[in-house]
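Take a look at the letters that make up each chain.
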Amino acid sequence: MITDIDIVIKSDRSVIGKEEKPTVEIIKGLYSLPFNDLISKAHSIHNANFEPNTVQLSTLVNIKSGACPEDCSYCPQSIRYKTNVSTTTLMSVEDILEKAKKAKESGAGRFCMGAAWRSPKDKDLKVLLPVLKGIKELGLETCMTLGMLTASQADKLKEAGLDYYNHNLDTSENFYKKIITTRTFEQRLETINNVQKSGIKVCCGGIIGLGETDNDRFELLHVIASMEPQPESVPINTLVKVKGTPLQDEQDVEPIDLVRLIATARVILPKTYIRLSAGRSSMSDELQALCFFSGANSIFYGEELLTTENPKINKDKALMEKLGIMSE
Ligand code: SF4
């Protein structure tokens, strides 16, 4: 029988050593602890590994919107669903750099670029590689999410100065097939592997509220926490239900479940940035405060998240001031 103490000790990799991975059973046990015990543990692990009361700010810009051939059921950018998302071609280098400059002026530390592709073509990379240099010169970290990458594409991006690559697993391997059919869970892991081998830092997380079970969430965390090294950044997204997508009528996520998941992620991923991502614009200040207490230490900052709404910059600044939280 696993006791509460075992769960806490075994799930804390700073105690057990990095070769031992938290099992799904351990993750479940941790998640099911009395709420206050779980968030207190997460808070102290957080403060032992990060500067307390500090949040990393990333700005995400959609550099190529819509008409994506993939069928991710949650995504309004898929060409298969009738949504209000506009379709654009790849943004010019000048326009991307202008957006990066604005992000820097409003206080972001990282500039993330998303393109709605299955995978980038070599001609797309030719445009994007010089962009990375320009963004680095502004003093910003760089992140991209462009779909599947080959090993050689990852190497080229690394060489051009890419710091982070985002590629989410979305959900458990089992539930994944119900959400996306046009590329496999295995293919996602391959891209993450290519990114890791190139030396680019990995940003890899998931989405809750897709209709998955608690166990699917634990399995997702298990796969992420078992990566070697663990991803430097893990976004936890809450489904934004967009009209026209197959998941438009899914049930809302229970806020306490979100806090539990963040706290669990913090314990098993002690040195990873946990990003409170999509869905934040419909969260109360109190819920976000609980998420920060429980180990979330990164947010998207800026008024749009690819195609969905994000809190206004002034609202975020006011919240951070109320909570005494500084940006990195
Ligand atoms: S999530 Fe990405 S890959 Fe999936 S449909 Fe949307 S843009 Fe395409």
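Residues numbered from 1 in each chain as written. Predicted model: local features only at pLDDT ≥ 70, side-chain atom pairs only at ≥ 80, totals over all residues. Heavy atoms only, no water.

## Here we look at the overall build of the protein
Okay, so step 1: A count of helices and strands for the protein gives 13 helices and 12 strands.
Okay, so step 2: Principal axes of the C-alpha set define a box for the protein whose edges measure 55 × 40 × 40 Å.
Okay, so step 3: The proportion of buried residues among the 328 residues of the protein is 55%.
Okay, so step 4: Relative to all contacts within the protein whose residues are 6 or more apart in sequence, the contacts with residues 24 or more apart total 73%.
Okay, so step 5: By element, 52% of the accessible surface of the protein is carried by carbon and sulfur atoms, the whole surface being about 14,500 Å².
Okay, so step 6: Taking the average location of the 40 positive side-chain charges in the protein and that of its 44 negative ones, the two points are 4 Å from each other. (Helix = DSSP H or I, 4+ residues; strand = E, 2+ residues; numbered from the N terminus. Buried < 20%, exposed > 50% of the residue type's maximum accessible area, 1.4 Å probe, protein only. Contact = heavy atoms within 4.5 Å. Areas by Shrake-Rupley, 256 points an atom, 1.4 Å probe, with all protein chains shown as cover. Lys, Arg positive; Asp, Glu negative; His and termini not counted. Charge placed at Lys NZ, Arg CZ, Asp CG, Glu CD.)

## Remarks on the packing of helix 4 (residues 35-49) against helix 11 (residues 255-268)
Axes are the key here: two packed helices are described by the angle between their axes and the distance separating the axes.
Okay, so step 1: The geometry of helix 4 relative to helix 11 is characterised by a closest axis approach of 8 Å and an angle of 40° between their N-to-C directions. The angle between helix 4 and helix 11 places the two elements in the oblique class. Two packed elements cross with a definite hand, and for helix 4 against helix 11 that hand is left-handed. On helix 11, the residues that touch Phe-35, Leu-38, Ile-39, Lys-41, Ala-42, Ile-45 and His-46 of helix 4 are Ile-256, Val-259, Arg-260, Ala-263, Thr-264, Arg-266 and Val-267.
Okay, so step 2: Looking at the contact of helix 4 with helix 11 residue by residue, the class counts come to nine nonpolar, two polar and three charged. (Axes fitted to C-alpha atoms, helices over the stretch in contact; angles between N-to-C directions. Parallel < 35°, antiparallel > 145°, perpendicular 65-115°, else oblique. Left-handed = near helix turned anticlockwise from the far one by under 90°. Nonpolar A, V, L, I, M, F, W, Y, C, P; charged D, E, K, R; others polar.)

## Examining the site of the ligand
Okay, so step 1: In the vicinity of the ligand, the contacting residues are Cys-68, Glu-70, Cys-72, Tyr-74, Cys-75, Ser-78, Ala-116 and Arg-183.
Okay, so step 2: Its residues assigned to classes, the shell around the ligand comprises five nonpolar, one polar and two charged. (Near = heavy atom within 4 Å.)

## Regarding the pairing of strand 3 (residues 141-145)
Okay, so step 1: For strand 3, the buried fraction is high: four of the five residues fall into the buried class.
Okay, so step 2: Where strand 2 (residues 110-115) lies against strand 3, five bridges are found, and the strand directions are parallel. Note that in strand 3 the partner of Gly-114 across the bridge is Thr-145.
Okay, so step 3: Crossover strand 2 to strand 3 through helix 6 (residues 122-137) is right-handed.
Okay, so step 4: With two bridges connecting them, strand 3 and strand 4 (residues 164-166) associate as parallel partners. Bridging from a neighbouring strand, Met-144 pairs with Tyr-165 of strand 4.
Okay, so step 5: Traced from strand 3 through helix 7 (residues 151-160) to strand 4, the parallel crossover comes out right-handed. (Pairing = 2+ DSSP bridges. Right-handed = clockwise from strand over helix to strand, strands pointing away.)

## Remarks on the nonpolar core
Okay, so step 1: Counting 85 residues, the largest nonpolar core has Tyr-74, Leu-157 and Leu-258 as the members making the most contacts within it.
Okay, so step 2: Top contributing element to this core by residue count: helix 11, with eight residues.
Okay, so step 3: In this structure, Leu-157 is in contact with Leu-125, Leu-129, Leu-132, Met-144, Leu-146, Leu-149, Leu-162, Tyr-165 and Ile-200, ignoring residues within four places of it in sequence.
Okay, so step 4: Membership of the second largest hydrophobic core comes to five residues, among which are Leu-60, Cys-143, Tyr-164 and Phe-300. (Core = buried A, V, L, I, M, F, W, Y, C linked by side-chain atoms within 4.5 Å.)

## A closer look at the pairing of strand 1 (residues 54-64)
Okay, so step 1: Burial analysis of strand 1 places 11 of its 11 residues in the buried class, the great majority of the element.
Okay, so step 2: As paired strands, strand 1 and strand 12 (residues 326-327) are joined by two bridges and run parallel to one another. Residue pairing across strands places Thr-54 opposite Met-326, the latter belonging to strand 12.
Okay, so step 3: Examined bridge by bridge, strand 1 and strand 9 (residues 298-300) share three bridges and lie parallel to one another. Paired with Leu-57 across the bridge in strand 9 is Ile-299.
Okay, so step 4: Across six bridges, the pairing between strand 1 and strand 2 is parallel. Residue pairing across strands places Thr-59 opposite Phe-111, the latter belonging to strand 2.
Okay, so step 5: For the crossover from strand 1 across helix 5 (residues 93-105) to strand 2, the handedness is right-handed.

## Examining the environment of Ser-106
Okay, so step 1: Along the polypeptide, Ser-106 turns up in the loop between helix 5 and strand 2.
Okay, so step 2: Spatially, the C-alpha atom of Ser-106 lies 30 Å from that of Thr-83, the residues being 23 residues apart in sequence.
Okay, so step 3: When sequence neighbours within four positions are dropped, the list of residues in contact with Ser-106 reads Tyr-301, Ile-313 and Lys-317.

## Focus: the packing of aromatic side chains
Aromatic rings in a pair are described by how distant their centres are and how their planes are angled relative to each other.
Okay, so step 1: The full count for this structure, using the stated rule, is three aromatic pairs.
Okay, so step 2: Summarising the aromatic geometry, the rings of Phe-50 and Tyr-273 are spaced 4.9 Å apart at their centres and angled 70° between planes, so their arrangement reads as edge-to-face. One end of the pair, Phe-50, is in the loop between helix 4 and strand 1; the other, Tyr-273, is in strand 8 (residues 273-276), with 223 residues separating them in the sequence.
Okay, so step 3: You can call Tyr-273 buried: its relative accessible area is 17%.
Okay, so step 4: Above the ring of Tyr-164, the side-chain terminus of Arg-110 is found at 3.7 Å from the ring centroid.
Okay, so step 5: The ring of Tyr-31 carries the charged tip of Arg-260 above its face, separated from the ring centre by 5.9 Å. (Phe/Tyr/Trp six-rings, centres within 6.5 Å; stacked < 30°, edge-to-face > 60°. Lys NZ or Arg CZ within 6 Å of the ring centre and 35° of its normal.)

## Details of helix 6
Okay, so step 1: With 16 residues, helix 6 ought to run about 22 Å at 1.5 Å a step, and its terminal C-alpha atoms sit 24 Å apart, in line with that.
Okay, so step 2: Burial in helix 6 covers these residues: Asp-124, Leu-125, Leu-128, Val-131, Leu-132, Gly-134 and Ile-135.
Okay, so step 3: Positive backbone phi, at 90°, marks Gly-139, one or two positions downstream of helix 6. (Expected span 1.5 Å × (residues − 1).)

Honestly, that's just the spatial picture; any functional story needs more than this.
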